[in-house]
Amino acid sequence: MTRHLRKVGTNSGNDGCPTLYEVEGDRYVVQGDRVTDPGEIAQLDNLTEEEGAVVVPRELLANFGPKEPVRVPQMISFEDFGGMFAKVKHSAWRLESRLRYASDEDTDTYQQFAAGEPVTWDLTDPWCTNRREQTARGVRFERVRILDEPPTPGQLYLLDNARRNTAVGEDIRTLPRSRSEELRLPVEDFWIFDSRVVALLLHDGEDNLLGVELITNPVEVLRYAQVREAAWHHAVPHDQAQR
């Protein structure tokens, strides 16, 4: 169905370009000069054949863009979240802050761990194969795991799990909960991809993963990057963790 476009404003005089249009109250169409230079197009992130890019002066957005701040969480599917790992270019960093993760306890490896048996990690499964290939081409995968004192069973399981992560190229470090609180780190779980986008992992009170919120606002991403720097600086390699 054809959408109705309402002209919001233009800096063009009578030639029609550039112009800003409002669509259905909360979306916008921007009319401007197309970007056609192959070198410039190559710098755009994941531009598909169905998408296009245009150039408009800053004044157009400053004069006619929405002025009131609107904070609407941008949720993505688990499938899209998984796809972000395939597209990472140079780094992916994780903070793990929970006492347990319900999904871990549904695995055969957790049952082995809970029974006091040596855990057999499959280093040839798709996850491990993908990590190994990416780290081989220079992508950094790093995590800091917050540990209670003493660690919870779920955290001890993840310390054992770190053997698998490091075997395929990840760098895993730990930080005591007390030190995390001194540093005023947030009690959140998140990934930072390529230092430009954050995937905030949302859990319920039973430690089930409910959804993933995408954060791309540079100011907010910088806040998470500052958390990363503080946590990484004070954390220690996982094999030095107090158990």
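Residues numbered from 1 in each chain as written. Predicted model: local features only at pLDDT ≥ 70, side-chain atom pairs only at ≥ 80, totals over all residues. Heavy atoms only, no water.

A. Main features of the packing of aromatic side chains. Taken as a whole and judged by the stated rule, the model has 10 aromatic pairs. Where Tyr 110 meets Phe 113, the ring centres are 6.1 Å apart and the plane angle is 50°; that geometry is what we call tilted. Taken together, the residues span about one helical turn, with Tyr 110 and Phe 113 both in helix α4 (residues 108–114) at a distance of 3 residues. For Tyr 110, a relative accessible area of 11% puts it in the buried group. Consider the rings of Trp 121 and Tyr 157, whose centres lie 5.8 Å apart with planes at 45°: the pair is tilted. Taken together, the positions of Trp 121 in the loop between α4 and α5 (126–136) and Tyr 157 in helix α6 (residues 153–167) put the pair 36 residues apart, joining distant regions of the chain. For Tyr 157, a relative accessible area of 3% gives the class buried. Pairwise contacts between aromatic rings join Phe 81, Phe 85, Trp 191 and Phe 193 into one cluster. The ring centre of Phe 141 lies 4.3 Å from the NZ or CZ of Arg 131, which sits over that ring. One cation-aromatic arrangement involves Arg 164 over Trp 127; the distance from NZ or CZ to the ring centre is 4.2 Å. (Phe/Tyr/Trp six-rings, centres within 6.5 Å; stacked < 30°, edge-to-face > 60°. Helix = DSSP H or I, 4+ residues; strand = E, 2+ residues; numbered from the N terminus. Buried < 20%, exposed > 50% of the residue type's maximum accessible area, 1.4 Å probe, protein only. Lys NZ or Arg CZ within 6 Å of the ring centre and 35° of its normal.)

B. Structural detail: helix α8 (residues 218–234). The end-to-end C-alpha distance of α8 is 24 Å, a good match for the 24 Å that 17 residues give at a rise of 1.5 Å each. Within the span of α8, buried status applies to Val 221, Tyr 224, Ala 225, Val 227, Arg 228, Ala 231 and Trp 232. Relative to the axis of α8, the buried residues are bounded by an arc of 155° and lie together on one face. Across from the buried face of α8, at angles greater than 90 degrees, the exposed residues are Val 219, Gln 226 and His 233. Against the buried residues of α8 lie β7 (91–96), β8 (140–147), β9 (171–176), β10 (189–193), β11 (197–203) and β12 (209–215). (Expected span 1.5 Å × (residues − 1). Arc of directions from axis to C-beta. Contact = heavy atoms within 4.5 Å.)

C. Spotlight on the pattern of salt bridges. Tallied over the entire structure, the rule returns 19 salt bridges. A salt bridge links Asp 207 to Arg 100; its shortest N-O distance comes to 2.9 Å. Highlighted residues: Asp 207 in the loop between β11 and β12 and Arg 100 in the loop between β7 and α4, separated in sequence by 107 residues. Looking at Arg 100, the relative accessible area reads 25%, which means it is partly exposed. Between Arg 179 and Glu 182 there is a salt bridge; the shortest N-O distance is 2.7 Å. Here the residue Arg 179 and the residue Glu 182 both occupy positions in helix α7 (residues 177–182), the gap between them amounting to 3 residues, near one helical turn. Through salt bridges with shared partners, a single ionic network connects Arg 94, Glu 96, Arg 131, Arg 143, Arg 145, Glu 170 and Asp 189. (Salt bridge = Lys/Arg side-chain N within 4 Å of Asp/Glu carboxyl O.)

D. Spatial organisation of the sheet that holds β11. Read across the open sheet, the 8 strands follow the order β6-β12-β11-β10-β7-β8-β9-β13; overall the sheet is mixed. Every other strand in the sheet has two partners, leaving β6 (74–76) and β13 (236–237) as the edge strands with one partner each. Summarising the sheet, β10 and β11 pair through 5 bridges and their orientation is antiparallel. Opposite Phe 193, over in β11, you have Val 197 as the bridge partner. Here α6 sits on the sheet and contacts β7, β8 and β9; the angle it forms with β8, its principal contact strand, is near 165°. Of the strands in this sheet, β7, β8, β9, β10, β11, β12 and β13 are in contact with α8, which crosses β10 at around 105°. (Pairing = 2+ DSSP bridges. Axes fitted to C-alpha atoms, helices over the stretch in contact; angles between N-to-C directions.)

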